[in-house]
Amino acid sequence: MTFGLASFISIFFPAISGAIFLNRTNKLFKYFSYFIFLICGLECIANYLFYAHQSNLMIYTFSLLLETIALTLILNRSIKNSFLEKVIVLALLVYIISFFYFIFYGHIITEIDSEYRMITCVLLIFLGGITFIQQSKNMEVHILTNPMFILSFAVLLYYGSTLFVHGALHIILAKSFSLVAKQIWNAHSVINIITNILFAYAIWLSYRQKKLSL
């Protein structure tokens, strides 16, 4: 089994966890589960197109838009600062408007995917970092059993590594070191697997937290 295939299969971990505990978690993680279901479906379509030797870039590009919107809104709900919440929502609106502007005005989809993936990484690293710091100060629950802490850590891990990988790949591919580029992408697949395991764990923790509070 290749790392790429293993990475694809790993998306089913949080999807299964979300399906099992869908109505037994708090509202925020219920929305997060719906987001995972949507991403899982898009991943299936993208992989089908890949193995059918058809372009799946459009699917991945709009998947990027959806994950940016969903994760920004989910993380933003946990930030306890009304001014910062409004600034983040405004930044998200600018992101969405500019995304469709570039799509409809004929920019090359490969350029949009690359540029907006970097912007997404910066935005979600910022949001994940704020949530991570705030949740680490939460004394009401142990840090490793805090679903929002695990979620924010997973977001930081994934988008931090994605930002590094895409930056590294641009440099390496420009020099045509394809073997090294492949190894870097394999490392990113491993990070993706770990992220999906953490997502699944966070959903279960939300269920456990709600169950214990009853």
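Everything that follows concerns the structure shown earlier in this document.
Note that the coordinates shown come from a computational prediction; the quantities given were computed from them, not determined experimentally.

(A) Looking closely at the environment of W204. Position of W204 among the secondary structure elements: in helix α8 (residues 178-213). It is 7.9 Å that separates the C-alpha atoms of W204 and G18, two residues lying 186 residues apart in sequence. Among residues more than four places away in sequence, those in contact with W204 are S17 and F21.

(B) Region of the structure containing the side chain of T131. Assignment of secondary structure puts T131 in helix α6 (residues 109-136). Not counting residues up to four positions away in its chain, the partners in contact with T131 are L75, S78, I79, M148 and S152.

(C) The arrangement of the packing of aromatic side chains in detail. With the rule as written, the count across this model stands at 18 aromatic pairs. A centroid spacing of 6.3 Å and a plane angle of 45° characterise the contact between F62 and F100, whose relative ring orientation is tilted. In this pair, F62 is assigned in helix α4 (residues 57-77) and F100 in helix α5 (residues 82-104), connecting sequence segments 38 residues apart. By relative accessible area, which is 29% here, F62 ends up partly exposed.

(D) Fine view of the side chain of N56. When you line up the elements, N56 lands in the loop between α3 (27-51) and α4. A relative accessible area of 14% places N56 in the buried class. Non-local contacts of N56, meaning those with residues more than four positions away in its chain, are made with A46, L49 and F50.

(E) Structural view of the environment of I130. Position of I130 relative to the elements: it lies in helix α6. Relative accessible area serves as the criterion here: at 16%, I130 is assigned to the buried category. Expressed as a C-alpha distance, the spacing of I130 and S78, which sit 52 residues apart in the sequence, is 9.5 Å. Once residues within four sequence positions are removed from consideration, I130 is found in contact with I79 and L84.

(F) Broad picture of α5. Here α5 contains 23 residues, and its C-alpha end-to-end distance of 33 Å stays within 8% of the 33 Å for a straight helix at 1.5 Å per residue. Taken as a whole, α5 has its buried residues at I88, L92, Y95 and F99. Between a side-chain oxygen at the N-terminus of α5 and the backbone nitrogen of F83 the separation is 3.2 Å; the capping residue is N81.

(G) View of α3. The end-to-end C-alpha separation of α3 is 37 Å, in line with the 36 Å expected for 25 residues at 1.5 Å each. Among the residues of α3, L28, F29, F32, S33, F35, I36, I39, C40, L42, A46, N47 and L49 are the ones counted as buried. Regarding α3, its N-cap is N26, as a side-chain oxygen of that residue lies 3.1 Å from the backbone nitrogen of L28 further along. Positioned one or two residues after α3, H53 has a phi angle of 60°, which is positive.

(H) Up close: unusual backbone geometry. For H53, which is not glycine, the phi dihedral falls at a positive 60°. Its place among the elements puts H53 in the loop between α3 and α4.

(I) Inspection of a nonpolar patch on the surface at higher detail. Taken together, the side chains of L5, I9, F13, F50, Y51 and I197 define a hydrophobic patch exposed on the protein surface, amounting to about 570 Å² of accessible area. Of all elements in the fold, only α1 (3-10) and α3 reach the threshold of two or more residues within the nonpolar patch. Mapped onto the elements, I197 comes out in helix α8.

(J) A look at the packing of helix α2 (residues 12-20) against α3. Two numbers describe how α2 lies on α3: the axes approach to 9 Å, and their chain directions differ by 140°. Viewed along their axes, α2 and α3 adopt a mutual orientation that is oblique. Of the two elements, α2 crosses α3, and the hand of that crossing is left-handed. Here F12, P14, A15, G18 and A19 of α2 come into contact with α3, specifically with S33, I36, F37, C40 and C44. A class-by-class count of the residues in the contact of α2 with α3 yields eight nonpolar, two polar and no charged.

(K) Region of interest: the packing of α4 against α5. At a closest axis distance of 10 Å, the pairing of α4 and α5 adopts a crossing angle of 170°. With respect to α5, the element α4 is oriented roughly antiparallel. Here α4 contributes T61, F62, L64, L65, T68, I69, T72, L73 and N76 to the contact with α5, which in turn contributes L84, E85, I88, V89, L92, Y95, I96, F99 and F100.

How each quantity is defined
Residues numbered from 1 in each chain as written. Predicted model: local features only at pLDDT ≥ 70, side-chain atom pairs only at ≥ 80, totals over all residues. Heavy atoms only, no water. Helix = DSSP H or I, 4+ residues; strand = E, 2+ residues; numbered from the N terminus. Contact = heavy atoms within 4.5 Å. Phe/Tyr/Trp six-rings, centres within 6.5 Å; stacked < 30°, edge-to-face > 60°. Buried < 20%, exposed > 50% of the residue type's maximum accessible area, 1.4 Å probe, protein only. Expected span 1.5 Å × (residues − 1). Polar contact = N/O pair within 3.5 Å; in protein donor to acceptor, adjacent residues only side chain to side chain. Patch = residues over 30% accessible without salt bridge, like charges linked within 9 Å, V, L, I, M, F, W, Y side chains within 5 Å. Areas by Shrake-Rupley, 256 points an atom, 1.4 Å probe, with all protein chains shown as cover. Salt bridge = Lys/Arg side-chain N within 4 Å of Asp/Glu carboxyl O. Axes fitted to C-alpha atoms, helices over the stretch in contact; angles between N-to-C directions. Parallel < 35°, antiparallel > 145°, perpendicular 65-115°, else oblique. Left-handed = near helix turned anticlockwise from the far one by under 90°. Nonpolar A, V, L, I, M, F, W, Y, C, P; charged D, E, K, R; others polar.

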